[in-house]
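Chain by chain, the residues run as shown.
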Amino acid sequence: MDQIRIRGGRPLEGSIRISGAKNAALPLMTASLLTDETLTLTNLPFLADITTLVQLLMQHGVQIGMRDSGAGHVLEMTAKEITSTTAPYDLVRKMRASILVLGPLVARCGEARVSLPGGCAIGTRPVDLHLKGLEALGAEIELANGYVHARAPKGLAGGHYVFPFVSVGATENLVMAASLAKGESTLVNAAREPEVADLAKCLVGMGAKIEGIGTDTLTIQGVPALHATEHRVVADRIETGTFAMAAAATGGELELVGAELSIIDSVAEALDKAGVEIVETENGLKVRRRNGLVGVDVMTEPYPGFPTDMQAQMMALMSIAEGASMITETIFENRFMHVPELARMGANINVHQSSAMVRGTKKLTGAPVMATDLRASVSLVIAGLAAEGETVINRVYHIDRGYERIEEKLKACGADIERVGS
């Protein structure tokens, strides 16, 4: 199993091209199931999760063509005929986003049988909202033998569904399903994340009728069929924030090419308070420390609040800031698994229930550490870049699920980082 070895203490200098967002690309790929014409995605990141979903879509009968454009991959998907409406356990267990085939399959084919999903072990992420939402659109749901079996033999019908709490995945599943339902559907308390808006914009490009994009209320007029379109995947706001924090942690200066300030407002605000300057450039964003880092408090919230997917990276940064900071996690109940690993490197962090008190230390020191989930793994990369000495990160397959060529990007900016076989 591969490891990542980092010798820290080098400021990052240069530019990094921000990839397309994984969390946008995955639902966009499942939208290919909604039409028998070709959906073309550009600016696609090439990641382990993308490969897993390609395998799943192919077993449903989707014809796939992929090429490297030099600035992101181009993926062409044609679901001329759905050859299977079952998403098997062996594929779905690798990635929670596989549940997103449920809505499109039942909307187009009248039935779907999808294994209950797997993914990062960061707490309970139930599929209840997906299922209750589909029931509101007329689907009959049965759970048996670890599978969700959804049926709508006469097709889905427009309905009204109020999410009891914000769910990105359930919003995405339901907006896709409602696009082919008969009549009008209204989704209230819908997720507002840029990735949800990106999916909705793509669906509109395919002929869907959706109002309220970017708000918490989506109104969808179902259409009989969707058609071909080409869509560019939105820039990855989590990768943007991650590299911004890496620049700040090392005291360097990075230009993040293709990054968009408008979709990282809450992260940019927290970094500004911590003493990090982010300015827009012709090509993206430039990030550097003003002077020293100072501790700031953050609380994770649904968009437009501070993202849960940036919490671990922020904790790594705050561990070398002056003073104390309180980091509160409100989205997932088991997302502090990186704390013991950061502590191995000298971080001073005390966890009490859903909050972590981080008292900044003057330096971190390299150590062997273990990645526990996707975002936790990259927080260890940030810590390793800032630390004195050598850090070896184990179980780096987590990183490969969400960050494209991370060692290459960092190495090109002066980091002493390499991937080695264990």
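Residues numbered from 1 in each chain as written. Predicted model: local features only at pLDDT ≥ 70, side-chain atom pairs only at ≥ 80, totals over all residues. Heavy atoms only, no water.

**Q** Is there a simple way to think about the overall build of the chain in this case?
**A** Along the backbone of the chain there are 14 helices and 24 strands. Relative to its length of 422 residues, the chain is compact, with a C-alpha radius of gyration of 21 Å against a globular reference of 22 Å. Seen through its C-alpha atoms, the chain measures out along the principal axes to roughly 65 × 45 × 40 Å. Carbon together with sulfur atoms contributes 47% to the accessible area of the chain, which is approximately 16,100 Å² in total. (Helix = DSSP H or I, 4+ residues; strand = E, 2+ residues; numbered from the N terminus. Rg over C-alpha atoms; globule rule 2.2 N^0.38 Å. Areas by Shrake-Rupley, 256 points an atom, 1.4 Å probe, with all protein chains shown as cover.)

**Q** What should I look at first to understand the pairing of strand β20 (residues 348-352) in this one?
**A** Successive residues of a regular strand alternate their side chains across the two faces of the sheet. Bridge count between β20 and strand β21 (residues 355-359): five bridges; the pairing is antiparallel. Bridged to Ile 349 within β21 is Val 358. Linking β20 back to β21 in an antiparallel pair, the connection comprises two residues, with Gln 353 at a positive phi of about 55°. (Pairing = 2+ DSSP bridges.)

**Q** When you look at the pattern of salt bridges in this model, what are you seeing that I'm missing?
**A** Side-chain pairing between opposite charges can occur once the charged atoms of the two side chains come close. Enumeration according to the criterion identifies 22 salt bridges in this entry. The salt bridge involving Glu 418 is made with Arg 7; its shortest N-O contact spans 3.7 Å. Here Glu 418 is found in strand β24 (residues 416-421), whereas its partner Arg 7 is found in strand β1 (residues 2-7), with 411 residues between them in sequence. Overall, the relative accessible area of 33% leaves Arg 7 in the partly exposed class. The residue Arg 419 makes a salt bridge to Asp 400 at a minimum N-O spacing of 2.7 Å. Of the two residues, Arg 419 is situated in strand β24 and Asp 400 in helix α13 (residues 397-400); the sequence distance between them amounts to 19 residues. In the salt-bridge network here, residues are joined through shared partners; they are Arg 5, Arg 7, Arg 10, Glu 390, Asp 416 and Glu 418. (Salt bridge = Lys/Arg side-chain N within 4 Å of Asp/Glu carboxyl O. Buried < 20%, exposed > 50% of the residue type's maximum accessible area, 1.4 Å probe, protein only.)

**Q** How do you make sense of the packing of helix α8 (residues 237-250) against helix α12 (residues 374-386) when you look at a structure like this?
**A** Where α8 contacts α12, the two axes come as close as 8 Å, and the packing angle between them is 25°. The angle between α8 and α12 falls in the class roughly parallel. In this structure, α8 crosses over α12, and the sense of that crossing is right-handed. Within the contact between the two elements, α8 uses Ile 238, Thr 242, Met 245, Ala 246, Ala 249 and Thr 250 and α12 uses Arg 375, Val 378, Ile 382, Leu 385 and Ala 386. (Axes fitted to C-alpha atoms, helices over the stretch in contact; angles between N-to-C directions. Parallel < 35°, antiparallel > 145°, perpendicular 65-115°, else oblique. Left-handed = near helix turned anticlockwise from the far one by under 90°. Contact = heavy atoms within 4.5 Å.)

**Q** Honestly, α8 in this entry has me stumped. Any pointers?
**A** Every α-helix winds through 3.6 residues per turn, so residues three or four apart in the chain are directed the same way. Its 14 residues place the ends of α8 20 Å apart at the C-alpha level, agreeing with the 20 Å of an ideal helix rising 1.5 Å per residue. The N-cap residue of α8 is Asp 236: its side-chain oxygen and the backbone nitrogen of Ile 238 are 2.9 Å apart. A positive phi of about 75° marks Gly 251, the residue just after α8. (Expected span 1.5 Å × (residues − 1). Polar contact = N/O pair within 3.5 Å; in protein donor to acceptor, adjacent residues only side chain to side chain.)

**Q** Hey, could you run me through the pairing of strand β23 (residues 390-394) in this one?
**A** Inspection of the sheet shows β1 paired to β23 by four bridges, in the antiparallel sense. By the bridge assignment, Ile 6 is partnered in β23 with Thr 391. Of the pairings in the sheet, the one linking strand β22 (residues 368-370) to β23 comprises three bridges and is parallel in character. By the bridge assignment, Met 370 is partnered in β23 with Asn 394.

**Q** Got a minute to help me understand the environment of Asp 297 in this structure?
**A** Position of Asp 297 among the secondary structure elements: in the loop between β17 (284-289) and β18 (298-299). Considered as a pair, Asp 297 and Met 314 are 17 residues apart in the sequence and their alpha carbons are 9.9 Å apart. Those residues in contact with Asp 297, other than ones at most four positions away along the chain, are Ala 324, Ser 325 and Met 326. In terms of polar contacts, Asp 297 uses its side chain to reach the backbone amide nitrogen of Met 326, at 2.7 Å.

**Q** Looking at this structure, I do not really get the nonpolar core. What am I missing?
**A** General note: in soluble globular proteins, nonpolar side chains tend to be found buried as a group. Residues Met 29, Leu 203, Met 314 and Leu 410 are the most contacted members of the largest nonpolar core, which totals 142 residues. Take this core: its biggest share by element is eight residues, from α8. Other than its neighbours up to four places away in sequence, Leu 203 contacts Ala 31, Leu 34, Val 175, Met 176, Ser 179, Ala 208, Ile 210 and Leu 226. (Core = buried A, V, L, I, M, F, W, Y, C linked by side-chain atoms within 4.5 Å.)

**Q** What exactly am I supposed to notice about the sheet that holds β22 here?
**A** Within a beta sheet, neighbouring strands are joined by backbone hydrogen bonds and run either parallel or antiparallel to one another. Across the sheet, four strands lie side by side as β22-β23-β1-β24; this open sheet has mixed pairing. Each of the sheet's edge strands pairs with one partner strand only, and the pair in question is β22 and β24. Neighbour-to-neighbour, the strand axes of the sheet open up by a mean angle of 25°, direction not taken into account. Along the sheet, α12 contacts β1, β22 and β23; its crossing angle with β23, the most-contacted strand, is approximately 170°.

**Q** Please explain the side chain of Arg 237 as it appears in this structure.
**A** Relative to the elements of secondary structure, Arg 237 occurs in helix α8. Classification of Arg 237 as buried rests on a relative accessible area of 10%. Beyond its immediate sequence surroundings of up to four residues, Arg 237 is in contact with Glu 193, Pro 194, Glu 195, Ile 263, Ile 264, Tyr 303 and Pro 307.

**Q** Can you help me understand the state of the cysteines in this one?
**A** Simply put, the disulfide is a covalent bond whose two ends are the sulfur atoms of two cysteines. Counted under the stated rule, the structure contains zero disulfides. Lacking any disulfide linkage, Cys 109 is separated from the closest cysteine sulfur, that of Cys 202, by 18 Å. (Disulfide = S-S within 2.5 Å.)

**Q** Explain the packing of aromatic side chains to me, please; I cannot follow it from the model alone.
**A** Think of a pair of aromatic rings as described by two things: how far the centres are apart, and how the planes are tilted against each other in angle. Counting across every chain of the model gives one aromatic pair. Arranged with centres 5.0 Å apart and planes meeting at 80°, the rings of Tyr 161 and Phe 163 form a pair that is edge-to-face. Taken as a pair, Tyr 161 and Phe 163 share a single burial class, namely buried. Here the basic side chain of Arg 113 rests over the ring of Tyr 147, its NZ or CZ set 3.9 Å away from the ring centre. (Phe/Tyr/Trp six-rings, centres within 6.5 Å; stacked < 30°, edge-to-face > 60°. Lys NZ or Arg CZ within 6 Å of the ring centre and 35° of its normal.)

**Q** Would you explain unusual backbone geometry in this entry?
**A** For the bond from Tyr 303 to Pro 304, the omega torsion is 15°, close enough to zero to count as cis. For Pro 304, the position within the fold is in the loop between β18 and α10 (311-318). Positive phi, close to 65°, is recorded for Asn 189, a residue that is not glycine. At Arg 405, a residue that is not glycine, the phi angle is positive and equals roughly 50°.

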